[in-house]
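Geometric and topological summary
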Amino acid sequence: MLHLGLLALLLAAHFLLPAYHHGNLARVMVLASYALAYNLLFGYTGLLSLGHALFFAAGMYGMGMGVQHLGLGAGAGLILGIGSGAVVSALVAALALRTSGVAFMIVTLMFAQAGFLAILHFGAWTRGDEGFVLAQAGRTLWGMDLSAPGTRYLAALALFSVCLLLSLALVRAPFGRVLVAIRENEERVRMLGYDTQAHRFAAMVASGTMAAAAGAVYGMLFGYVGATFASVQYSILPLLWVLLGGAGTVLGPFIGTLFMFYLIDLGSGLTTAYMLIAGVVLVGLTLFAPQGIMGEVRRRLWRGLP
Amino acid sequence: MEFGPHLMLATLEGAVTAAVLALTAAGLSLVFGVMRVVNIAHGEFFMLGAVLAWWVTQAVAGPWGFALALVVAPLLVGALAVAADVTILRRLSYDPERTIVATIGLLYILQQLTLMTFGPDARPVVAPFNARIALPWVERGPEGWTLIWPWGLGTTSYKLAVIGAAGAVLAALWLFLARSRAGLVMRATQADREMATAFGVPVERVYALTFGLGAALAALAAVLIVPIQQAHYLMGADPLLLSFIVVIIGGLGSLPGTLLAAVLIGLSDGIISVFFSPTLAKILATLLVALVLVFRPQGLFGARGR
Amino acid sequence: MSLLSVRGLTRDFDGLRAVDGVDLDLAAGEVRALIGPNGAGKTTLVGMIAGRIAPSRGRVILDGRDITRLPAHRRMRLGMAYTFQITSVFTGLSVAENVWLAARRRVRGAGLAQAVRAALARVGLEGRADQVAGDLAYGHQRLLEIAMGLAQRPRLLILDEPTQGLSEGEIAAFQALVRDLAGEVTILLIEHNMAVVMALAERITVMAGGRILAEGTPPEIHANRAVQAAYLGGDDAADC
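This report concerns the structure included in the present document. Residue numbers restart at each chain and count upward from 1, following the sequence in its written direction. Chains and ligands are labelled sequentially in the order written, the chains with letters from A and the ligands with numbers from 1. Given that the model is predicted, a residue must reach a pLDDT of at least 70 before its local features are reported, and side-chain atom pairs must reach 80 or more before they are shown or counted; all residues, however, enter totals for whole chains, interfaces and linings.

**Thoughts on the overall build of chain C**
- Looking only at helices and strands, chain C features nine helices and 10 strands.
- We compute the radius of gyration over the C-alpha atoms and compare it with the globule rule, which gives 2.2 Å times the number of residues raised to the power 0.38. Computed over its C-alpha atoms, the radius of gyration of chain C comes to 18 Å, within 12% of the 18 Å expected for a compact globule of 240 residues.
- Referenced to the eigenvectors of the C-alpha coordinate spread, the extents of chain C come out at roughly 50 × 40 × 35 Å.
- The burial criterion counts other C-beta atoms lying within 10 Å of a residue's C-beta, which is placed from the backbone; the residue is buried at 20 or more, exposed at 12 or fewer, and partly exposed between these limits. By the burial criterion, 44% of the 240 residues in chain C qualify as buried.
- Throughout, a pair of residues is in contact if the C-beta atoms placed from their backbones lie within 7 Å. Looking at chain C alone, contacts between residues at least 24 apart form 66% of all its contacts between residues at least 6 apart. To qualify as a helix, a DSSP run of H or I must reach at least 4 residues; to qualify as a strand, a run of E must reach at least 2; elements of each kind are numbered from the N terminus.

Encoded structure:
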């Protein structure tokens, strides 16, 4: 089907693309995995978090500090990163899900800010604002050097495939269908006998853990762990990617990330103020196309698009 | 300096912060109270006030230039805000979530355009007057309590003027809201939008003016602080965060609560920053906001239970 | 032994007492109508039974078990179903998907599709299974609500003004449906349509001002002076 087709296309691209785009696409795939994670919570459950950078960074720093300070290898580092994400998202979910709507957005924003500031404050361990380069031991998994462009691309593709297929499975499963119903009308679902809070909690933890996985892999593949990835910008970006690509669609996050990446790539060639593009796109989307690209496709061309 | 005078100095500095913060937060609170929207670009209106003040004082030197800036900057920023409301927010029907996303976009647009025109450097603005005022401290001597003048304990005439000016503006704002016809119209719209419409109140116009007034207050606060702080394109982030903290803790939509919270937070931020690390102070403040929203959403002096 | 008992149920809203010390007993298999003027507290009372609203005082007992502290979704799992006064179907989903959500909690696997079909057939919507719920006519959306209630195979079905907005023919179909269910399911319905009430109810509870004004069989209520004064007034020409 469509989604396997995309994965096949990306695999083919591995052999066909020139080096510059090859490297970019690897980056895009990892970031798209982050977007997929965000989409689980925003697109499907209907909860707009402004603090997902906390989970992305939890994965990245969990892995990074494990490698740096505990001497872990890549595999163990990855597990530590994912585990950190799971713990942090469970904690935040337990608190933030007591609120809804605007309050939820602000609470998640605040927790993420606190996380970012904590990374700066505890600079002794995190190297604060500068960040640190990941030791080679953290970039060699099962004998493969993840920093080599070829392996790096395939690793990114592996992560993306897992996240894509997982999202698809989740969305089609009863759990996903209940989430969509909760997004439509929470009280009705509750009065049908479902524990909506438990569903939301599970969705948020799944979303946060997937985001952490993306963060950990990003650090491993591109060799750098830094505070920027915990900043507000990295909370806004997945929102932007998902909105642009189409919230509540499985392909949307990838499309949005790819589009925005190249748009900003072009923009940064012209000016240092490339985030202007992000601003304009955000405003344009909310005004004219809240469904995003795949959302419009779904509306006009193919009703059943997952 | 000993603890006592040091504390007094910290308190004075905190008072200046509190004064400016009260003005900025009042703007945010007004917008939320009347329009029920959260404006993430509020910090950028603040920043624009400072930047415009720099432009004006570059054109017209001396204290007259500054006086001109005090009038021109808030007016221009207010007008810009009105334009943003009419073109963007109104089209979104003030839907809370979509408005937040749109204002995030607006944040990036304003910030990056400023980067492109004003540049990345911090630029100073000269205060219109700046006499040093040494302050006394009491000490127990052999003849009983005497006044001493510790070196380093002092303030400036300008800083005192800032506190006075902020107080005057806030008093005027209170009078405006409580006594004037326009203020009454605003409060009526805040209390019950449908009723206001039924009574022929031009709600959309009220909203546009409120949004403009909120932005103008922030810009005014920035003009007051810019001789102390310097103008920089990223200077909107801190005031945004702090205003948020103040408005949420003081109770969304409650102006007296906002003012009280501004004093509390401005003073404590000043004091904590002097004795501890400013980053730690911010971490605690951010967490406090999140926890207040989770456990006591009506803030400390809450309006209704909403 | 009653299926549902309510003791001293009270609810205050900021100084206004919406429900005042109500006692109620529903026998298993009974069809009970809850009537009363607007503002009598019917929806609030029923909301407290279903778990949507927390009582200020009092207890709710289902089948001998005190469920006062139980959240709504747990009560539904114990065999209650609730249809909303303002139609609350999932407008973005298909008719079948709506019923699927309702039935799924009770049935899994192979039997699920069958249960969905059966519920739809019972209300006459089986031909519209793939239509988007939001596109349905209002009357059909009400029927969908009922189908969702039925799909849960509840022991107690609470219907909040089910015939509101329905045409004559639809009301007749609804009455036939309820008669069909009587005995199988205990039904508590809030209704303003007196013809429906008199035709369907085995017992009627009348509320006014947050309190129970009277309780009895349709003839008893019809003859009750206090009820006539408070509610039926003189201008109800449709009573039988």
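**Some points on the interface of chain C and chain A**
- Tallying the contact residues gives 14 residues for chain C and 12 residues for chain A.
- For the side of chain C that touches chain A, the secondary-structure elements that each account for two or more residues are α2 (72-77) and α3 (95-104) of chain C.
- The element best represented in the side of chain C that touches chain A is α2(C), accounting for four residues.

**Side note on the interface of chain B and chain A**
- Facing the 34 residues of chain B at the interface are 33 residues of chain A.
- For the side of chain B that touches chain A, the elements supplying multiple residues, two or more each, are α4 (96-118), α9 (237-250) and α11 (278-295) of chain B.
- The element contributing the most residues to the side of chain B that touches chain A is α4(B), with 16 residues.

**Quick notes on the arrangement of the chains**
- Across the two pairs of chains in contact, the largest number of contacts is found between chains A and B.
- Without any contact between them, chain B and chain C keep their closest C-alpha atoms 12 Å apart.

**Thoughts on helix α7 (residues 149-172) of chain A**
All names here are of chain A.
- One less than the residue count of a helix, multiplied by 1.5 Å, gives the span that helix is expected to have. In this model, α7 (24 residues) spans 34 Å end to end at C-alpha, consistent with the 34 Å of a helix rising 1.5 Å per residue.
- Listing the buried residues of α7 in full gives Arg152, Tyr153, Ala155, Ala156, Leu159, Phe160, Cys163, Leu164, Ser167 and Val171.
- Against α1 (2-16), α2 (19-44), α8 (174-184) and α10 (196-222) lie the buried residues of α7.

**What about the environment of B:Ile228?**
- Relative to the helices and strands, B:Ile228 resides in helix α8 (residues 203-229).
- Separated by 103 residues in sequence, B:Ile228 and B:Val125 have C-alpha atoms that sit 8.1 Å apart.

**Notes on the sheet that holds strand β10 (residues 211-216) of chain C**
Residue and element names in this part refer to chain C.
- Strands sit in the order β6-β7-β8-β3-β9-β10 across an open sheet of six strands; the sheet is mixed. In this open sheet, the two strands that pair with only one neighbour each are β6 (80-83) and β10. For this sheet, the mean angle separating the axes of adjacent strands, direction not counted, is 15 degrees.
- Axis definition: a line fitted to C-alpha atoms, over the contacting stretch in the case of helices. Angles run 0 to 180 degrees between N-to-C directions. The strands touched by helix α1 (residues 42-50) are β3 (31-35), β6, β7 (156-160), β8 (186-190) and β9 (203-208); relative to β7, the strand with the most contacts, the crossing angle is about 150 degrees. When DSSP finds at least two bridges between two strands, those strands are taken to pair.

**Digging into the sheet that holds strand β4 (residues 57-62) of chain C**
Residues and elements named next belong to chain C.
- The four strands lie next to each other as β2-β1-β4-β5, forming an open sheet whose pairing is antiparallel. Each edge of the sheet is formed by a strand with only one pairing partner; in this case those strands are β2 (16-27) and β5 (65-66).
- In this structure, β4 lies alongside β5, joined through two bridges in antiparallel fashion. Bridging from a neighbouring strand, Leu62 pairs with Arg65 of β5.
- Sheet strands touched by α1: β1 (2-13), β2 and β4. Its angle to β1, the strand with the most contacts, is close to 120 degrees.

**Considering the pairing of β1(C)**
All names here are of chain C.
- Examined bridge by bridge, β1 and β2 share eight bridges and lie antiparallel to one another. In the sheet register, Leu9 faces β2, and the bridge partner there is Val22.
- The loop that links β1 with its antiparallel partner β2 comprises two residues; one of these, Asp14, has a positive phi angle of about 50 degrees.
- Two strands pair when backbone bridges link them, and β1 and β4 are joined in this way by five bridges, in the antiparallel orientation. Counterpart to Ser5 in the pairing with β4 is Ile61.

**Brief notes about the packing of helix α1 (residues 3-35) of chain B against α9(B)**
All names here are of chain B.
- One way to put it is that α1 packs onto α9 with a least axis distance of 9 Å and a crossing angle of 65 degrees. One way to sum up the angle between α1 and α9 is to call them roughly perpendicular. Taken as a pair, α1 and α9 cross one another with a handedness that is right-handed. Each of Leu21, Thr24, Ala25, Leu28, Ser29 and Phe32 in α1 lies in contact with α9, whose residues at this interface are Pro239, Leu242, Ser243, Val246 and Val247.
- Note on residue categories: nonpolar means Ala, Val, Leu, Ile, Met, Phe, Trp, Tyr, Cys or Pro, charged means Asp, Glu, Lys or Arg, and polar means any other residue, Gly included. Residues of the contact of α1 with α9, tallied by class, amount to eight nonpolar, three polar and no charged. When describing relative orientation, an angle under 35 degrees is termed roughly parallel and one over 145 degrees roughly antiparallel, while 65 to 115 degrees is termed roughly perpendicular and anything else oblique. Take the far helix as the reference: if the near one is turned anticlockwise from it by less than a right angle, the crossing is left-handed, and if turned clockwise, right-handed.

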